[in-house]
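Secondary and tertiary structure notes
If you want the building blocks of each chain, they are given just below.
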Amino acid sequence: QVQLVESGGGLVQAGGSLRLSCAASGRTFSIYYMGWFRQAPGKEREFVAAIKWSGGFTNCADSVKGRFTISRDNAKNTVYLQMNSLKPEDTANYYCAAMVATAGTYDYWGQGTQVTVSS
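So, here's what we can say about the structure.

Thresholds, definitions, all that
- All chains use their own residue numbering, which begins from 1 and follows the written sequence.
- It should be noted that, the model being predicted, local features are given only for residues of pLDDT at least 70 and side-chain atom pairs only at 80 or more, the latter also being counted only at that level, while totals for whole chains, interfaces and linings use all residues.
- Heavy atoms from the whole structure form the basis of all side-chain values; hydrogens and water molecules are not counted.
- Helix and strand assignments come from DSSP, with helices taken as H or I runs of at least 4 residues and strands as E runs of at least 2, each series counted from the N terminus.
- Residue burial is assigned from relative accessible area. The probe radius is 1.4 Å, only protein chains are included, and a residue is buried under 20% of its type maximum, exposed over 50%, and partly exposed in between.
- For Phe, Tyr and Trp, rings pair up if their centres lie within 6.5 Å, where Trp contributes its six-membered ring, and each pair is then called stacked (planes under 30 degrees apart), edge-to-face (over 60) or tilted (otherwise).

Even without glycine at this site, N77 takes up a positive phi of about 50 degrees. Counting through the fold element by element, N77 comes out in the loop between β7 (68-73) and β8 (78-83). Overall, N77 belongs to the partly exposed group, its relative accessible area being 23%. Phi is positive for S85, close to 50 degrees, though the residue is something other than glycine. If you trace the backbone, S85 turns up in the loop between β8 and β9 (92-100). For S85, a relative accessible area of 41% puts it in the partly exposed group.

Here it is, written out as structure tokens:
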């Protein structure tokens, strides 16, 4: 089992920045990828960014490319999502998720942290 706890959400004006954190605990040695997803009211959950736990590969959605950066600190078992140039359409509940090596899917999810961008 892997436990995930997000933090860092809040209210920010358009053009501002926030950094989300996701602390992992439990069987962290089994993590293969960590990802960030978001879900706005009335919309489906969408992929934001992902990072290989061992390093060397990151990926992000076209809608956030050039504005959001995913990174990790393995010593702290923490993944970050640096969000710059925020837009009102980035408003959503942001979730981190973990994929373990044998799963191929994101099976572990945090409780989410709310990000609200005012215009």
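Quick look at the packing of aromatic side chains now. Taken as a whole and assessed by the stated rule, the structure comprises six aromatic pairs. Put simply, the rings of F37, F47, Y106 and W109 pair up and form one aromatic cluster.

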